[in-house]
Amino acid sequence: MLGFMQMTRPRPSVTVFRGNEKPGVRLVGSGRVAIYVFTILSLSNCLETLSGWFHGQDDRDWWPSGLLLYSLLAFAYAVAFSAATQIARRADIRFTVIYNVVLALLLFLHWYLYYMIEIDWLGVNSNAASLTSLHGIIRNDFTSISIYSIFLFGAVVAGRMRRILHGH
């Protein structure tokens, strides 16, 4: 019995640094990155859906479809972000969380403005008034996808810059 106990003794953990990584910077694999990013964006999607529930009459009937669509978009982004950071270099957890919290806040701000900015649709439809540039951006169907795309491109650029700075 004593021999069995000695064989199953836990090993001390070893921290391995690849290249010029700094001690104290925690790197994570692509699966964990995708989970973190999807969780952050899902929380934002729930807040957006809740905001739509309180401020948009049409969204009360369509919220399950909207939440599903937002979740699919968030999942696609999470997988793409994870792949991009893995190709450039393993992701720093602090960068991943902060970067995607900013993305989630920007997406929430977009949807908050979507519901809170009043538009005189009668005037716009009768050509008595026109949408401002801000109205056009906020009401554009592709704004959310554009925000995701910009952040994904930014992650690729940040990864490339990190790779260049570390000489790999």
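Residues numbered from 1 in each chain as written. Predicted model: local features only at pLDDT ≥ 70, side-chain atom pairs only at ≥ 80, totals over all residues. Heavy atoms only, no water.

**Thoughts on the overall build of the protein chain**
- Scanning the protein chain from terminus to terminus reveals 7 helices and 2 strands.
- The helix and strand sequence of the protein chain, counted from the amino end, reads α-β-α-α-β-α-α-α-α.
- Expressed as a percentage of its 168 residues, the buried residues of the protein chain come to 32%.
- In the protein chain, the share of contacts with a sequence separation of at least 24, taken over all contacts with a separation of at least 6, comes to 77%.
- Approximately 11,400 Å² of the protein chain is accessible, and the part contributed by carbon and sulfur atoms is 67%. (Helix = DSSP H or I, 4+ residues; strand = E, 2+ residues; numbered from the N terminus. Buried < 20%, exposed > 50% of the residue type's maximum accessible area, 1.4 Å probe, protein only. Contact = heavy atoms within 4.5 Å. Areas by Shrake-Rupley, 256 points an atom, 1.4 Å probe, with all protein chains shown as cover.)

**Quick look at the UniProt feature "transmembrane region" (unreviewed entry) in the protein chain**
- Feature annotation in UniProt places "transmembrane region" (unreviewed entry) on residues 33-55, 67-85, 97-117 and 137-158, given in this structure's numbering.
- Counted over residues 97-117, helix gives 95% and strand 0%. Its end C-alpha atoms are 30 Å apart. (UniProt positions renumbered as here; feature names shortened; annotations may be inferred.)

**Topic: the side chain of Ser 144**
- The residue Ser 144 is located in helix α7 (residues 143-165) in this model.
- The buried category is assigned to Ser 144, whose relative accessible area is 10%.
- With near-sequence residues (within four places) excluded, Ser 144 lies in contact with Leu 107, His 110 and Trp 111.

**Concerning the packing of aromatic side chains**
- All told, the structure shown has 11 aromatic pairs when counted by the stated rule.
- Cation over ring: Arg 139 sits above Tyr 114, and NZ or CZ is 4.0 Å from the ring centre. (Phe/Tyr/Trp six-rings, centres within 6.5 Å; stacked < 30°, edge-to-face > 60°. Lys NZ or Arg CZ within 6 Å of the ring centre and 35° of its normal.)

**A look at a nonpolar patch on the surface**
- Taken together, the side chains of Leu 47, Leu 50, Trp 53, Phe 54 and Trp 63 make up a nonpolar region of the molecular surface, amounting to roughly 520 Å² of accessible area.
- Take the nonpolar patch: its biggest share by element is 4 residues, from helix α2 (residues 30-55).
- Relative to the helices and strands, Phe 54 resides in helix α2. (Patch = residues over 30% accessible without salt bridge, like charges linked within 9 Å, V, L, I, M, F, W, Y side chains within 5 Å. Salt bridge = Lys/Arg side-chain N within 4 Å of Asp/Glu carboxyl O.)

**Some remarks on the nonpolar core**
- By size, the foremost hydrophobic cluster in this structure holds 16 residues, and its most contacted members are Val 37, Leu 41, Tyr 77, Phe 81, Leu 103 and Tyr 148.
- Those elements that provide at least two residues to this core are α2, α3 (59-88), α4 (93-116) and α7.
- Apart from residues no more than four positions distant in its own chain, Leu 103 is found in contact with Leu 41, Tyr 77, Ile 147, Tyr 148 and Phe 151. (Core = buried A, V, L, I, M, F, W, Y, C linked by side-chain atoms within 4.5 Å.)

**Concerning α7**
- For α7, spanning 23 residues, the distance from its first C-alpha to its last is 32 Å, which sits close to the expected 33 Å at 1.5 Å a residue.
- Within the span of α7, buried status applies to Thr 143, Ser 144, Ile 147, Tyr 148, Phe 151, Ala 155 and Gly 159. (Expected span 1.5 Å × (residues − 1).)

**Overview of the packing of α4 against α7**
- Where α4 contacts α7, the axes come no closer than 10 Å and their chain directions differ by 160°. Put simply, α4 runs roughly antiparallel to α7. For the element pair α4 and α7, the recorded crossing hand is right-handed. For the pair α4 and α7, contact is made by Phe 95, Tyr 99, Val 102, Leu 103, Leu 106, Leu 107, His 110 and Trp 111 and by Thr 143, Ser 144, Ile 147, Tyr 148, Ile 150, Phe 151, Gly 154, Ala 155 and Ala 158, respectively.
- In the contact of α4 with α7, the residues fall into 13 nonpolar, 4 polar and no charged. (Axes fitted to C-alpha atoms, helices over the stretch in contact; angles between N-to-C directions. Parallel < 35°, antiparallel > 145°, perpendicular 65-115°, else oblique. Left-handed = near helix turned anticlockwise from the far one by under 90°. Nonpolar A, V, L, I, M, F, W, Y, C, P; charged D, E, K, R; others polar.)

**Examining the side chain of Thr 49**
- In this structure, Thr 49 sits in helix α2.
- At 2.9 Å, the side chain of Thr 49 forms a polar contact with the backbone oxygen of Asn 45.
- When near neighbours in sequence (up to four residues on either side) are disregarded, Thr 49 contacts Trp 63, Leu 67 and Tyr 70. (Polar contact = N/O pair within 3.5 Å; in protein donor to acceptor, adjacent residues only side chain to side chain.)

**Side note on the environment of Ser 51**
- Within the secondary structure, Ser 51 is located in helix α2.
- Residue classification places Ser 51 among the buried positions, given a relative accessible area of 9%.
- A C-alpha to C-alpha distance of 6.9 Å links Ser 51 and Tyr 112, two positions 61 residues apart in sequence.

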